[in-house]
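Residues per chain, in single letters:
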Amino acid sequence: MLLLTCPCCGVTAEETEFANGGEAHLKRFGPGSDDADYEAYMFARKNPRGVHFERWRHIYGCGKWFLMARCTMTLEVFGTYRAQTSEPPAEIVAKIKARRPEWEGF
Amino acid sequence: MSEVVSALAGARASGMVELADAGATGMITLRGDHALLGAAVQAVLGLAMPEVRRVVAGEGAQVLWMSPDELLVITGYDVAPGLAADLQSALGDAFATVAVVSDARALIRLSGAQARDVLAKLCPVDFADFPVGALRRTRAAQVAAAVWRTSDSDWSLICFRSVAGYVWEALVTVAQPGGEVALYR
Ligand SMILES: [Zn+2]
């Protein structure tokens, strides 16, 4: 069971109050892009064992989307942050590095 | 003129707590920047902007903090359209919306010393730290709901009209005598 804190309304709740929205920080390739890029955008996912970045929605609460860094192996949540970012903020990266020195980085 | 009927038609039940359908209730959804909405609420209702996940209660209305860009005004069913019009004119051309949603939801009142025990059976919320005036949007069994505390032993719960019967049955069931859990004292 994951315990998440929504950065939009401040509620800390267990995961059944939220909905997972898949991998975060995907770069969109739309019309005009080449097939390989488009295919990778549509289908290629990291699926790591360890540090992972995901989109989540506080679906039963404030309804907002946000992003989260967590460990897929231990379910440790490193932090949640606003959805309007193209890469993890420095403080989240620092937190992950402190907990997982062997992590290769974002 | 059609007759107004709340989803639960005035249902009442008693067990570990008293449960009551609040009947036809006025509800107005405000969406937009909270600074804009706060000014309109102050001008029209004379109420302060609620803090995050709080409720501000006045004579004729309660203002609920619903999300970072949403407020819900709870008021009388008959006065809601007029208040909504006043709020709309207070907002003018600002980028905000006002909508009367009185028929969209059901409002259920719970009262009694064991209200938190009953709510905790359905909602994944720690009710130990839940002061009067606080609000929490969460899940009640399988559906979305919002609960707020109006006094030491009085709580309000809203859910969508289409699932009102489900939430009511769930509350009545978990509040049956014999189901005491004595989690909160
Ligand atoms: Zn939230």
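Here the structure is a predicted model, which is why all the values come from computation and not from measurement.

Trainee: Give a description of the coordination of the zinc ion that names residues and reports values.
Mentor: Four donors placed tetrahedrally about a metal ideally form angles of 109.5 degrees, and six donors placed octahedrally ideally form angles of 90 or 180 degrees. Residues and elements named next belong to chain A. Protein-derived ligands of the zinc ion are C6 (SG), C9 (SG), H58 (ND1) and C62 (SG), with the metal-ligand distances lying across 2.0 to 2.4 Å. Because the angles between the four donor atoms bound to the zinc ion fall within 98 to 117 degrees, the donor set is best described as tetrahedral. Mapped onto the polypeptide sequence, the residues donating to the zinc ion form the spacing pattern C-x2-C-x48-H-x3-C. Within this pair, whereas C6 is found in the loop between β1 (3-5) and β2 (12-14), its partner H58 is found in the loop between β4 (51-57) and β5 (65-71), the two being separated by 52 residues in sequence. Comparing C6 with H58 shows no difference in burial state: the two are buried.

Trainee: Describe the domain arrangement of chain B, listing the residues and the values that go with them.
Mentor: All names here are of chain B. Taken as a whole, chain B is organised into domain 1 (12-23 + 104-174) and domain 2 (25-100). The centre of domain 1, based on its C-alpha atoms, is set 22 Å off from the matching centre of domain 2. Counting from both sides, the interface comprises 13 residues of domain 1 and, opposite them, 14 residues of domain 2. Scanning the region where domain 1 abuts domain 2 turns up one salt bridge. At the boundary of domain 1 with domain 2, the tally comes to four residue pairs in polar contact (both at pLDDT 80 or more). Mapped by element, the contributors of at least two residues to the side of domain 1 that touches domain 2 are β8 (105-111) and β9 (135-140). Each residue belonging to the side of domain 1 that touches domain 2 can be placed in one class, and the counts come to eight nonpolar, three polar and two charged.

Trainee: For the side chain of S102 of chain B, give the residues involved together with the corresponding values.
Mentor: Residue and element names in this part refer to chain B. Tracing the backbone through its elements, the reader meets S102 in the loop between β7 (96-100) and β8. With relative accessibility at 7%, the residue S102 sits in the buried group. Only 3.0 Å separates the side chain of S102 from the backbone nitrogen of M27, close enough to count as a polar contact. Every residue in contact with S102, bar those within four places of it in the chain, is listed here: T25, G26, M27, Y77 and A80.

Thresholds applied
- Residues numbered from 1 in each chain as written.
- Chains lettered and ligands numbered in written order.
- Predicted model: local features only at pLDDT ≥ 70, side-chain atom pairs only at ≥ 80, totals over all residues.
- Heavy atoms only, no water.
- Donors = N, O, S within 2.8 Å, 3.2 Å for Na, K, Ca; no water.
- Tetrahedral: all angles 85-135°; square planar, octahedral: opposite > 155°, others 65-115°.
- Helix = DSSP H or I, 4+ residues; strand = E, 2+ residues; numbered from the N terminus.
- Buried < 20%, exposed > 50% of the residue type's maximum accessible area, 1.4 Å probe, protein only.
- Domains from an automatic or database assignment.
- Contact = heavy atoms within 4.5 Å.
- Salt bridge = Lys/Arg side-chain N within 4 Å of Asp/Glu carboxyl O.
- Polar contact = N/O pair within 3.5 Å; in protein donor to acceptor, adjacent residues only side chain to side chain.
- Nonpolar A, V, L, I, M, F, W, Y, C, P; charged D, E, K, R; others polar.

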